[in-house]
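Residue strings, one per chain:
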Amino acid sequence: MIVAGFILLAVGAADLVRQFAPRRWIGYLSVAVILLLLGSVSDALLPMVLAIVVGALWVWCMPTGRPAPLGFWPAVLLAVVSVGAVVGLGARADAGLIGAIWHLRSPFGEVPFDLALLALGAGTFILESSNLVVRAALDGEHTWLPADPTEPADPAASASRGTVAAAETPVASETVDGVSDDATEDAVAMSATLPVAAPRDPRSGFKGGRLIGPLERILVLILTLAAAYPILAAMLAAKGIVRFPEISRDGETGARAEYFLVGSLVSWVIALGAAFLVWWAAHS
């Protein structure tokens, strides 16, 4: 159990550093120090070292600015390792120095340190790391969100295309009173001096998936552990209803529906898998 907790915490914290830390090396160093302290006080140095290694490999296998070189498989391997650590290893009898002073109660009873660390690791993983997993799944299946045909074209792109067209339009060269007037060069010069339209405000096309996804997974995790299945079903159904107007613009391609289904199902599976790990650890 403690192995899965450290691994998920290291991976999740590393991805949060990559996404939000202005200086990544400081963030990575802070994460390593925190893991070292947790491993020292809980008598789990070997799981801590393993977690740091797995976190470094995850950062290399799941980049943020380009497609993952190994595709979706690092996430699958991480899931297998986490499930095996929880199901196969179980809880420890001694939690080291922190075990002597650790007391955390919940409505369901006493929460051991190993279980608390696993819950913290699972909660950290579903924040940002799960976004990378969903993106890798969409890239692996070659599923991309198509452009909305109802949205106007980018003004900057239109101006650029107009400039190229003006430059490529052949215009006859005339001679008046012995003075040569090359109309093609004049057209190119005039098009180069035309004012370019201001780029569209990026907030006008803001997509809230990076925020909606983590919030949705946190709700799925909490509602599943609380056995609030009717509320969970209503929430998932409401998401489909809210997304229906956008999906209905698909036409005959079905690309938007496929994009929505693949992304949502992968996100839900991750959240349900995290809930399963915590539930199994709490009842084993």
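Each residue is numbered by its place in its chain's sequence as written, counting from 1. Local features are withheld for residues below a pLDDT of 70 in this predicted model, meaning they are given only at 70 or higher, and side-chain atom pairs are given and counted only at 80 or more; totals for whole chains, interfaces and linings count all residues. Heavy atoms from the whole structure form the basis of all side-chain values; hydrogens and water molecules are not counted.

Q: Talk me through empty space enclosed by the protein; I want residue IDs and the actual numbers.
A: Only protein atoms enter the 1 Å grid used here. Points where a 1.4 Å probe fits but cannot escape make up a cavity, open sets with protein on both sides within 12 Å along at least five of seven lines make up a pocket, and a residue lines them when an atom lies within 4 Å of a point. Grid points are joined across faces, edges and corners, and a volume is the space filled by probe spheres set on the points. Taken as a whole and assessed by the stated rule, the structure comprises one cavity of 30 Å³ or more. There is about 50 Å³ of room inside the largest cavity. Lining the largest cavity are Met62, Pro63, Arg66, Pro67, Ala68, Leu132, Arg135, Ala136 and Asp139. Basically, the charged four are Asp, Glu, Lys and Arg, the nonpolar ten are Ala, Val, Leu, Ile, Met, Phe, Trp, Tyr, Cys and Pro, and anything else, Gly included, counts as polar. Its residues placed into classes, the lining of the largest cavity shows six nonpolar, no polar and three charged.

Q: Please provide a residue-by-residue account of the packing of aromatic side chains, values included.
A: Side-chain rings of Phe, Tyr and Trp (the six-membered ring for Trp) are treated as a pair once their centres are within 6.5 Å; stacked means planes under 30 degrees apart, edge-to-face means over 60, and tilted covers the remaining angles. If you walk through the whole model with that rule in mind, you get four aromatic pairs. Arranged with centres 5.3 Å apart and planes meeting at 80°, the rings of Trp102 and Phe113 form a pair that is edge-to-face. Placement of the pair is Trp102 in the loop between helix H5 (97–101) and strand S1 (105–106) and Phe113 in helix H6 (residues 113–125), with a sequence separation of eleven residues. Note on Trp279 and Trp280: the rings are 6.4 Å apart at their centroids and 65° apart in plane angle, and the pair reads as edge-to-face. A simple rule labels every residue: compare its accessible area, found with a 1.4 Å probe on the protein chains alone, to the largest value its type can have, and call it buried under 20%, exposed over 50%, or partly exposed in between. Residue Trp279 is classed as partly exposed on the basis of its relative accessible area, which comes to 43%. Using a relative accessible area of 32% as the deciding quantity, one classes Trp280 as partly exposed. Helix and strand assignments come from DSSP, with helices taken as H or I runs of at least 4 residues and strands as E runs of at least 2, each series counted from the N terminus.

Q: Residues and numbers for a nonpolar patch on the surface, please.
A: Patches here are clusters of residues that have more than 30% relative accessible area and form no salt bridge, with a 9 Å joining cutoff for like charges and a 5 Å cutoff for nonpolar side chains (Val, Leu, Ile, Met, Phe, Trp, Tyr). Only the protein chains shown count as cover for residues, and the accessible areas themselves come from Shrake-Rupley with a 1.4 Å probe. One speaks of a salt bridge when a side-chain nitrogen belonging to Lys or Arg is within 4 Å of a carboxyl oxygen belonging to Asp or Glu. A cluster of nonpolar side chains, contributed by Val83, Val87, Leu225, Phe276, Trp279 and Trp280, occupies part of the molecular surface with about 490 Å² of accessible area. Counting only elements with at least two residues in the nonpolar patch, the list comes to helix H4 (73–89) and helix H12 (255–283). Sort the elements by how many residues they give to the nonpolar patch and H12 lands first, with three residues. Relative to the helices and strands, Trp279 resides in helix H12.

Q: So what's going on with the nonpolar core? Residues and values would help.
A: Joining through side-chain atoms within 4.5 Å is the link that ties buried Ala, Val, Leu, Ile, Met, Phe, Trp, Tyr and Cys residues into a set, and such a set is a nonpolar core. Counting residues in each nonpolar core, the largest one holds 50 residues, and the members touching the most others are Phe6, Trp58 and Phe125. The leading source of residues in this core is helix H1 (residues 2–20), at eleven residues. Core analysis: the second largest hydrophobic core is formed by seven residues, Leu223, Leu232, Trp268 and Ala271 among them.

Q: Run through the pattern of salt bridges, naming residues and quoting values.
A: Counting across every chain of the model gives four salt bridges. The salt bridge involving Glu110 is made with Arg105; its shortest N-O contact spans 3.4 Å. The salt bridge partner of Glu216 is Lys239, with a shortest N-O separation of 2.8 Å. Residue Glu216 is located in helix H10 (residues 209–225), and its partner Lys239 is located in helix H11 (residues 229–247); the two are separated by 23 residues in the primary sequence. Just as Glu216 is buried, Lys239 falls in that class too.

Q: With reference to specific residues and values, describe helix H3 (residues 45–61).
A: With 17 residues, H3 extends 24 Å between its outermost C-alpha atoms, agreeing within 8% with the 24 Å of an ideal straight helix rising 1.5 Å per residue. Of the positions making up H3, those classed as buried are Pro47, Met48, Ala51, Gly55, Trp58 and Cys61. Along the axis of H3, the buried positions cluster into a sector of 145°, meaning they face one direction only. With respect to the buried face of H3, the exposed residues turned more than 90 degrees away are Leu46, Leu57 and Trp60. One less than the residue count of a helix, multiplied by 1.5 Å, gives the span that helix is expected to have. Our arc is simply the arc of the directions from the helix axis toward the C-beta atoms.

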